[in-house]
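Breakdown of the fold
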Amino acid sequence: MLGMQCRTRMDRLPKMSLLAVLVLSLGVTLVTARQKQALIPDTRGREFIFAYPSNYDIPDALFVDIGGLSDGNTKVEVTVPALNFESFINITNTNVSRVDIPVEAVCTGNGFQNTTVLIRSSKDVNVQAINAKDKSIDGFLVIPSDVLGTEYIVPSYAVVGTEKSQFTITAKSDLTTVTITSEQELAFGTTLYTAGQEIIFGLQRGQTIQFQSKTDLSGTRISSDKPIAVLSGSTCAVVPQKTSRCDHMVEMIPPVNTWGKRFSLQPLMNRESGYIFRLYAARDNTVVKVSGATIRLGRQGQFMEFNQLAEFPLGINADKPILLVQYAKGIQTDGVGDPFMTIIPPIEQYLNGIVTFATFDQSGLTNISSYAAISVTSPSLFTASLNDVTVLAEEPDVTVNGGMFSFGADRTVALSAGSHVIANFMPHGFFSVILYGFGQGVAYGLPTGYNLRKLTCSSKDPQTGAVEEFDCPLQEEPQTGPPLSQFGMGIPCMPGQPCWPGQTPWMPGMASGPDQTWIPIPNLPSPERLPEGVPGGQIPDNLAEPPLIALYPGQPDLSRPLVPLDMQTCFPWTAITAAAVAGAVSMFVLMLLVIFTLLCSKYHCGQGNKPGSSSRGANTRKAIS
């Protein structure tokens, strides 16, 4: 009887073990699927390493706004190792938390710096940074360390008086070799390098170097053998050139292989004088069409500057990757704001999902009014929301023009002070948001998030060594999903795009609100091209042979190493416990299977004395296997 009971329990064991294995396998499959969904690189991440470039003077405040992107708690650690500064915060859900950073963490002058900021978190977050001096502020979106690159081209602008055009470089890894080719004279240590000469040096993890010049460093080319973080701008720049009032300008630059070819550029709210924009070429012989006008950028790093007076959005297309930078004008042009610079993400890098951000509301005693320039491209335009309110309106009987991927629209909205959430979870629903603000003699601007897909790939001929570049293939999954009627939306699909089940083809008649514009709009006036001779606009021919200098010439060590993330302080114990329990369960199931196999081989499980029992035993073993 005991033997029969034992055999009965053993007969049950394989089914229970198999069920456990299936459950664990399903869990792994779900996790893997979620990881695959999150494989598209973007500006949301869990580690950020960067430094603040110089303002025109020691800033009044440095801070970062860190936005949560998921339900529950997100633990964040902000450190400046050289200053022994540490701050630990806990972000709930999609709130935004501000962390003040010591003003001593700003870079000063030419040379190596001990001012690196390191941010690490338990979940993905969005990070924006502000460098604020009374009447001289700007901000930038911080790019995570896992999507940093090895090739950059610097955007900057003309400066005034003793101010400087500048860029900073921070290493993610030890023994990083960096090569700089400037289009202007550039000092490194006691050596003055002429245009076209290479400067080669090394950085260790967490080390930062800053370069400054009285001339516009736009077009400077930077390359490295390991990923680096690059920020550029100026201590205080005048926009347009030859004006009197300046402002701090800064942006964190995306790697060249993430630059795109299609752009939507929106006017700045309440700026009657318009704005300046520049197009920077990633490669030689780039042809760009700007609202019907065609221009050619002959050399890598060359830029063209435009003065846009019309209050209309612009559609920009290029045959090779370019970087688009928008510059706000100084207060003397129309009595509002002051200069800032912001990266405009290409349409190919628009984001899906959720982004959180916060406004910067005051500089000294000056209040700042903030705005969000929202651009949407999607087969279903009306699914993007700002603070749970649909961004675009549906109104009948208004003619609609143009498209981006298939269809797109722009809208600029005024923002209340504080944090905001923009989201679009629909498949193929992408958006971009430029955050900016103006006060009396102050301004700031920055993108709030974008994808960082590798858009430019290359192959090397093993015989000749020639390198050929080409557009990286984008593997887009076909649209699938439930009927939109389940969401209460009667949204038609756009031309050239597959329809959802139950969705009808698009027909003219969708509309825009008073401050939202469909793009591209035909027959817009072309932007005014500025005169030739813009500093850095033309790259000199017959560049001199670059001299080499020794690697790692006397950089200071960090006063405190960048230690691995402390699990106890930055990760919730619930996650650690769950991981431990999952591992223990897996080991227990594996041990049970081994024990069962051994017992079966000893006691001949499933083989009874009755005729035909061997056949049943064979079926059982087959089910187990």
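These numbers were taken from a predicted model, which means no experiment stands behind them.

**Observations concerning the overall build of the chain**
- Summing up its helical and strand segments, the chain has four helices and 38 strands in all.
- Looking at the chain as a whole, 52% of its 625 residues are labelled buried.
- If you take every contact in the chain between residues at least 6 apart in sequence, the share linking residues at least 24 apart comes to 78%.
- Summed over all atoms, the accessible surface of the chain reaches about 27,700 Å², with 56% contributed by carbon and sulfur.

**Topic: the sheet that holds strand S32 (residues 419-424)**
- Spatially, the four strands line up as an open sheet ordered S25-S32-S29-S30, and their pairing is antiparallel. Whereas interior strands pair on both sides, the edge strands pair on one side only; in this sheet they are strand S25 (353-358) and strand S30 (389-390).
- When strand S29 (residues 385-386) meets S32, the two strands line up antiparallel, connected through two bridges. Residue pairing for S32: Ser 385 is matched across the bridge by Ala 423.

**Some thoughts on the pattern of salt bridges**
- Tallying each qualifying case throughout the model produces 13 salt bridges.
- Among the salt bridges present, the one from Arg 120 reaches Glu 77, with a minimum N-O distance of 3.2 Å. Residue Arg 120 is found in strand S7 (residues 117-133), and its partner Glu 77 is found in strand S3 (residues 73-80); the two are separated by 43 residues along the sequence.
- Here Arg 278 ties to Asp 216 by a salt bridge, and the two come within 3.1 Å at their closest N and O atoms. Within this pair, whereas Arg 278 is found in strand S19 (residues 275-281), its partner Asp 216 is found in the loop between strand S15 (208-213) and strand S16 (221-237), the two being separated by 62 residues in sequence. Note on accessibility: Arg 278 and Asp 216 belong to one class, buried.
- Linked by salt bridges that have partners in common, Glu 151, Arg 283 and Glu 469 make up one network.

**Quick word on the nonpolar core**
- Among the nonpolar cores identified, the biggest contains 100 residues, and Phe 50, Ile 66 and Ile 169 are the most heavily contacted of them.
- Examining the composition of this core, we find that eight residues originate from one element, S7, more than from any other.
- The contact partners of Ile 66, leaving out residues within four places of it in the chain, are Val 76, Val 78, Ile 89, Ile 91, Asn 95, Val 96, Ser 97, Val 99, Ile 119, Val 125, Asn 126 and Val 127.
- Counting residues in hydrophobic clusters, the runner-up holds 27 residues, among them Leu 279, Met 304, Phe 340 and Ile 434.

**Some details on unusual backbone geometry**
- With omega at -5 degrees, the peptide bond leading from Val 239 into Pro 240 counts as cis.
- Mapped onto the fold, Pro 240 is located in the loop between S16 and strand S17 (247-252).
- Even without a glycine there, the phi angle at Asn 387 is positive, about 55 degrees.
- Within the element layout of this structure, Asn 387 appears in the loop between S29 and S30.
- Phi is positive for Asp 388, which is not a glycine, with a value near 70 degrees.
- For Asp 388, the location among the structural elements is in the loop between S29 and S30.

**Quick notes on the packing of aromatic side chains**
- Throughout the structure, instances matching the rule amount to 16 aromatic pairs.
- Note on Tyr 157 and Tyr 327: the rings are 4.8 Å apart at their centroids and 45 degrees apart in plane angle, and the pair reads as tilted. Taken together, the residues Tyr 157 in the loop between strand S9 (149-153) and strand S10 (165-171) and Tyr 327 in strand S23 (residues 314-327) connect sequence positions 170 residues apart. Across the pair, Tyr 327 and Tyr 157 agree in class, each one buried.
- Seen from their ring centres, Phe 360 and Tyr 444 are 6.0 Å apart, and the 85 degrees between their planes marks the pair as edge-to-face.

**Concerning the state of the cysteines**
- Taken as a whole, this structure holds two disulfides when the rule is applied.
- Linked covalently through their sulfurs, Cys 236 and Cys 246 form a disulfide whose S-S length is 2.0 Å. Given an S-S torsion of about 90 degrees, the disulfide between Cys 236 and Cys 246 has right-handed geometry. Here Cys 236, found in strand S16, pairs with Cys 246, found in the loop between S16 and S17; they are ten residues apart in sequence, far enough to count as distant. The residues Cys 236 and Cys 246 share a single accessibility class, namely buried.

**Re the environment of Ile 153**
- Structurally, Ile 153 is set in strand S9.
- Each C-alpha atom of the pair Ile 153 and Ile 222 lies 6.2 Å from the other, and the pair is 69 residues apart in sequence.
- Residue contacts for Ile 153: discarding those within four places in its chain leaves Gly 219, Thr 220, Arg 221, Ile 253, Val 256, Trp 259, Ala 281, Ala 282, Gln 300 and Gly 301.

**Some points on the pairing of strand S28 (residues 369-377)**
- Of all nine residues making up S28, eight are buried, and the element is well covered by its neighbours.
- In this structure, S28 lies alongside strand S33 (residues 430-439), joined through nine bridges in antiparallel fashion. Of the residues in S33, the one forming a bridge with Ser 369 is Phe 438.
- Alignment of S28 against strand S31 (residues 408-415), held across eight bridges, turns out to be antiparallel. Counted as the bridge partner of Ser 370 is Leu 415 from S31.

**Here we look at the environment of Pro 346**
- Note on placement: Pro 346 falls in the loop between strand S24 (341-344) and S25.
- Spatially, the C-alpha atoms of Pro 346 and Trp 259 are 7.1 Å apart, while their sequence positions differ by 87 residues.
- Once you skip the residues sitting within four places of it in the chain, Pro 346 turns out to touch Thr 258, Trp 259, Gly 260, Lys 261, Arg 262 and Phe 263.

**A word on a nonpolar patch on the surface**
- A surface patch of nonpolar side chains, about 390 Å² in accessible area, is lined by Met 587, Leu 590, Val 594 and Leu 598.
- Secondary-structure assignment places Leu 590 in helix H3 (residues 573-603).
- Using a relative accessible area of 48% as the deciding quantity, one classes Leu 590 as partly exposed.

**Structural notes on the confidence of the model for the chain**
- Summary statistics for the chain give a mean pLDDT of 75 and a share of 68% for residues scoring 70 or more.
- In this model, residues 395-406 is a region of pLDDT below 50 whose contacts with residues beyond four sequence positions or in other chains number 45 contacts.
- In this model, residues 608-625 is a region of pLDDT below 50 whose contacts with residues beyond four sequence positions or in other chains number ten contacts.

**Let's talk about the side chain of Thr 258**
- One can find Thr 258 in the loop between S17 and strand S18 (260-265).
- Looking at Thr 258, its side chain comes within polar contact range of the main-chain oxygen of Pro 255, at 2.6 Å.
- Here Thr 258 is in contact with Pro 346, Gln 349, Leu 452, Arg 453 and Leu 455, once residues within four sequence places are set aside.

Quick notes on the rules
Residues numbered from 1 in each chain as written. Predicted model: local features only at pLDDT ≥ 70, side-chain atom pairs only at ≥ 80, totals over all residues. Heavy atoms only, no water. Helix = DSSP H or I, 4+ residues; strand = E, 2+ residues; numbered from the N terminus. Buried < 20%, exposed > 50% of the residue type's maximum accessible area, 1.4 Å probe, protein only. Contact = heavy atoms within 4.5 Å. Areas by Shrake-Rupley, 256 points an atom, 1.4 Å probe, with all protein chains shown as cover. Pairing = 2+ DSSP bridges. Salt bridge = Lys/Arg side-chain N within 4 Å of Asp/Glu carboxyl O. Core = buried A, V, L, I, M, F, W, Y, C linked by side-chain atoms within 4.5 Å. Phe/Tyr/Trp six-rings, centres within 6.5 Å; stacked < 30°, edge-to-face > 60°. Disulfide = S-S within 2.5 Å. Patch = residues over 30% accessible without salt bridge, like charges linked within 9 Å, V, L, I, M, F, W, Y side chains within 5 Å. pLDDT = per-residue confidence, 0-100. Polar contact = N/O pair within 3.5 Å; in protein donor to acceptor, adjacent residues only side chain to side chain.

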